[in-house]
Amino acid sequence: MPDLVIRNGRVVDPESGHDGIADIAIADGRVVAIAPGLDAGDREIDAAGLVVAPGFIDLHAHGQSLPADRMQAFDGVTTALELEVGALPVAQWYETQARTRRLLNYGTATAWLFARKAAMIGLAPDATGSSLAAMGHGADNPRWSREAATPAEVERIVGMIRDGIEQGGLGIGIPYAYAPGAAAKEMSLVCDLAAATNTPTYTHIAQMSNIDPKSSVEAYVMLIGLAGATGAHMHICHLNSTSLQDVERATQLIAKAQAQGLNITTEAYPYGTGSTVVSAAFFDDPAFPARTGTGFGSIEMLGERRTLRDRDDLDRQRADNPSALVLWHFLDIDGNARHRELLDRSVMFPGGAIASDAVPWSNPDGSLYEGDEWPLGDDKSSHPRSAGTFTRFLRQWLRERQALSLSDAIAKCSLIPAQIMESCAPAFRRKGRLSAGADADIVVFDLDSIGERASFARMNLPAEGMRHVLVGGTPIVADGQLLLDAAPGKPLRRGDR
Ligand SMILES: [Zn+2]
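Quick look at the structure, then. (Residues numbered from 1 in each chain as written. Predicted model: local features only at pLDDT ≥ 70, side-chain atom pairs only at ≥ 80, totals over all residues. Heavy atoms only, no water.)

1. Examining empty space enclosed by the protein
Spelled out, the test is: With a 1 Å grid laid over protein atoms only, a set of points is called a cavity when a 1.4 Å probe fits there but cannot get out and a pocket when it is open yet has protein on both sides within 12 Å along at least five of seven lines; lining residues have an atom within 4 Å of a point. Grid points are joined across faces, edges and corners, and a volume is the space filled by probe spheres set on the points. Helical segments are the DSSP runs of H or I of at least four residues, strand segments are the runs of E of at least two, and each set is numbered from the N terminus. Residues are sorted three ways: Asp, Glu, Lys and Arg are charged, Ala, Val, Leu, Ile, Met, Phe, Trp, Tyr, Cys and Pro are nonpolar, and all the rest, Gly among them, are polar.
Inspection of the entire model under this criterion finds 3 cavities of 30 Å³ or more. In this structure, the largest cavity spans a volume of roughly 160 Å³. For the largest cavity, the lining is made up of 19 residues, of which Tyr178, His204, Ser275, Thr276 and Asp357 are closest to its centre. Listing elements by their share of the lining of the largest cavity, those giving two or more residues are strand E7 (77-87) and strand E13 (273-277). Considering every element that reaches the lining of the largest cavity, the biggest residue donor is E13, with 3 residues. Split by residue class, the lining of the largest cavity holds 9 nonpolar, 7 polar and 3 charged.

Given below as structure tokens:
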């Protein structure tokens, strides 16, 4: 007898294109049968009137903690990966996570940036805390950010990254815009390593600007060049934010490179506001307002919820706490029709994944919150995408605008991200699908009510419409309620089968 049968739901498998009413039987954490009229299971979920789909795989999740997992569970996420930044040492990161309670499956890439800090200023890498917060470390000696590495340093950087991949890192995180001083010889060797180990790189392109030189387009051309020159799989993080107002040109270039067989993939999140640390190198540019089409008033301190006045204000905040999180409102998607169109183009880019770039939850004083209160208090802040990326995409693009089919929408949340990870970790071949043998990472949701509730005014509201969420066959959300004691999340490492 199966452990669980999900009965009479509208079962969507984006791989086969199946979209019809069926039952799903689950045993030992895997799907064992999908057909109408299956025999009874030990437990049953009545999914009549609901969509049953593979759980969402978030390629860009910086939260990596219990409160972050819980908020993402209501967004349909069953696997949350820290790929853009990554971690170092990788073995220490997995050991640390294994000692915490994780709802969602988890994994990390190897952190190029932290290898750089270690090799260039002697900052010992530490994977026991938040990778995003560690982006601000070493601000007092920004050589690691601004300068090209010497050949000896490059050798050490590549060596540390190789260690991380051997310890199970899911590829190489390259938040290039945080160390734009890194130059082509170093990057070509890093990408050589990615190609040799059959692991993707995940790049936040080196610079963001609508204006040459050092434009976003220039950075994409370099990334495309690295894919062609080294054979590495180059994954582009948040196409929506780093392209600024050049989304159209960026997507033309990427599509042309893909059509020539280069291994380039993309992701986007459905918001016009980003999040980062206040010390991010891309705020350094004296011409930041002109080059990005924004101003210092577009940068908002997350702790205080106030926008910056000018460069002096920015400099003071950086000196005070370089790891402080900020929001950056780079597109006005509520007030500007062209900006809405730019966002749409990046979200709808063919073959692109939806990924949240979810950030950790913070206390009012800006420190990270890693406790277990539920519901999460009104004083906790993050970014609405940490609670509502996938459900916002399903609400706006699928239900309200019908810009794509249900199966294609589910593919962008599950199958496409799984496929991006498969060469690195074959275990992803059992994720992002609903067929016999697949992992029972499953979401059951109400298409009529699915949607985010979190907003910039109230970030702590979980999304609505997720009725049941299973990770490896274990419920973490049941009848729309969080199961407080659940912790079925498992690690995913390079080479896992
Ligand atoms: Zn990110």
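On we go from here.
2. Here we look at the sheet that holds E13
This is how the line gets drawn: By the convention used here, strands pair only if DSSP detects at least 2 bridges between them.
Taken in spatial order, the 4 strands line up as E13-E16-E14-E15 in an open sheet, and their pairing is antiparallel. The sheet is open, and its two edges are formed by E13 and strand E15 (306-307), each paired on a single side. Of the pairings in the sheet, the one linking strand E14 (residues 299-301) to E15 comprises 2 bridges and is antiparallel in character. Bridge pairing links Met301 to Arg306 in E15.

3. Looking at the pattern of salt bridges
What counts is decided by this rule: The salt bridge criterion pairs a side-chain nitrogen of Lys or Arg with a carboxyl oxygen of Asp or Glu, the two atoms within 4 Å.
As enumerated under the stated definition, the model contains 31 salt bridges in all. A salt bridge links Arg309 to Asp313; the shortest N-O distance between them is 3.7 Å. Look at the salt bridges and you will find they share partners, linking Arg30, Arg430, Lys431, Asp439 and Asp441 into a network.

4. Here we look at the coordination of the zinc ion
Working reference: metal with six octahedral donors, ideal angles 90 or 180 degrees; metal with four tetrahedral donors, ideal angle 109.5 degrees. Here is the rule: Coordinating N, O and S atoms are those within 2.8 Å of the metal (3.2 Å for Na, K and Ca), and as water is not part of the atoms, a site may appear to have fewer donors than expected. Note on geometry labels: four donors, all angles 85 to 135 degrees, give tetrahedral; four donors become square planar and six octahedral when opposite donors are over 155 degrees apart and every other angle is between 65 and 115; remaining cases are irregular.
Only His60 (NE2), His62 (NE2), Glu84 (OE) and Asp357 (OD) from the protein coordinate the zinc ion, and they sit 2.1 to 2.2 Å from it. Relative to the metal, the 4 donor atoms surrounding the zinc ion lie at angles of 81 to 165°, and the coordination shape comes out irregular. The sequence motif formed by the donor residues of the zinc ion is H-x1-H-x21-E-x272-D. Of this pair, His60 sits in the loop between strand E6 (56-58) and helix H1 (66-73) while Asp357 sits in the loop between strand E17 (353-354) and helix H14 (385-400), and the two are 297 residues apart along the sequence.

5. Considerations on the sheet that holds E6
Selection rule: Residue contacts follow a heavy-atom distance rule, with two residues in contact if any of their heavy atoms lie within 4.5 Å. Orientation is described by lines fitted to C-alpha atoms, with helices fitted over the stretch in contact, and by angles between N-to-C directions that extend from 0 to 180 degrees.
Across the sheet, 8 strands lie side by side as E6-E7-E8-E9-E10-E11-E12-E17; this open sheet has parallel pairing. Two strands lie at the open edges of the sheet, namely E6 and E17, each paired on one side alone. Where helix H2 (residues 90-98) meets the sheet, its contacts fall on E7 and strand E8 (105-111), and the angle it forms with E8 comes to roughly 160°. Helix H6 (residues 151-166) contacts E8 and strand E9 (172-175) of the sheet and is inclined by roughly 160° relative to E8.

6. Topic: the packing of aromatic side chains
Our working rule: Planes of paired rings set the category: under 30 degrees apart is stacked, over 60 is edge-to-face and the rest tilted, where pairs are Phe, Tyr or Trp rings (Trp by its six-membered ring) whose centres lie within 6.5 Å. Partly exposed residues are those whose accessible area sits between 20% and 50% of the maximum for their type, while under 20% is buried and over 50% is exposed, using a 1.4 Å probe and protein chains only. Placement of a charge over a ring requires the Lys NZ or Arg CZ to be within 6 Å of the ring centre, with the centre-to-atom vector within 35 degrees of the ring normal.
Following the criterion strictly, the structure yields 14 aromatic pairs and no others. Taking the centre distance of 6.1 Å and the plane angle of 35° together, the rings of Phe393 and Trp397 count as tilted. Taken as a pair, Phe393 and Trp397 lie in helix H14 at a separation of 4 residues, close to a single helical turn. In this structure, Phe393 and Trp397 share a single accessibility class: buried. Joined through ring pairs, the aromatic side chains of Tyr178, Phe282, Phe283, Phe288, Phe296, Trp328 and Phe330 make up one cluster. Directly above the ring of Tyr369 sits Lys380, whose terminal nitrogen or CZ lies 4.6 Å from the centroid.

7. As for helix H13 (residues 337-347)
Heads up, the rule is: Here the arc refers to the directions that run from the helix axis out to each C-beta atom.
Restricting attention to buried positions, one finds in H13 the residues His339, Leu342, Leu343, Ser346 and Val347. For H13, the arc enclosing every buried residue in end-on projection is 130°, short of the 170-degree limit, so these residues lie on one face. Buried-residue contacts for H13 involve helix H9 (239-242), helix H10 (247-259), strand E12 (264-268), E17, H14 and helix H15 (406-413).

8. Examining the packing of H6 against helix H7 (residues 184-196)
The line we're drawing: Here the angle decides the label: under 35 degrees means roughly parallel, over 145 means roughly antiparallel, 65 to 115 means roughly perpendicular, and every other value means oblique. Each helix crossing is assigned a hand: it is left-handed if the near helix lies turned anticlockwise from the far helix by less than a right angle, otherwise right-handed if that turn is clockwise.
Remark: H6 packs on H7, axes separated minimally by 10 Å, with the N-to-C direction vectors making an angle of 25°. It follows from the interaxial angle that H6 and H7 lie roughly parallel. Where H6 crosses over H7, the handedness of that crossing is right-handed. Across from Val154, Ile157, Val158, Ile161, Arg162 and Ile165 in H6, the residues of H7 making contact are Glu186, Leu189, Val190 and Leu193. In the contact of H6 with H7, the residues fall into 8 nonpolar, no polar and 2 charged.

9. Comments concerning the pairing of E12
A large share of E12 lies buried, amounting to 5 of its 5 residues. Both faces of E12 are covered, namely the face carrying Ile264, Thr266 and Ala268 and the face carrying Thr265 and Glu267. Direction of pairing for strand E11 (residues 234-236) relative to E12: parallel, over a ladder of 3 bridges. Each bridged residue has a counterpart across the sheet, and for Ile236 the counterpart in E12 is Thr266. Judged from the 2 bridges that link them, E12 and E17 form a sheet pairing that is parallel. Bridged to Ala268 within E17 is Ile354.

10. A closer look at the packing of H10 against H13
For any two helices packed against each other, the geometry is given by the interaxial angle and the distance between the axes. Where H10 meets H13, the closest approach of the two axes is 9 Å, and the angle between their N-to-C directions is 20°. Considering the angle they form, H10 stands roughly parallel to H13. Regarding H10 and H13, the two cross each other, and that crossing is left-handed. Of H13, the residues touching H10 (which contributes Val247, Glu248 and Thr251) are Leu342, Arg345 and Ser346. The residue inventory of the contact of H10 with H13, partitioned by class, reads 2 nonpolar, 2 polar and 2 charged.

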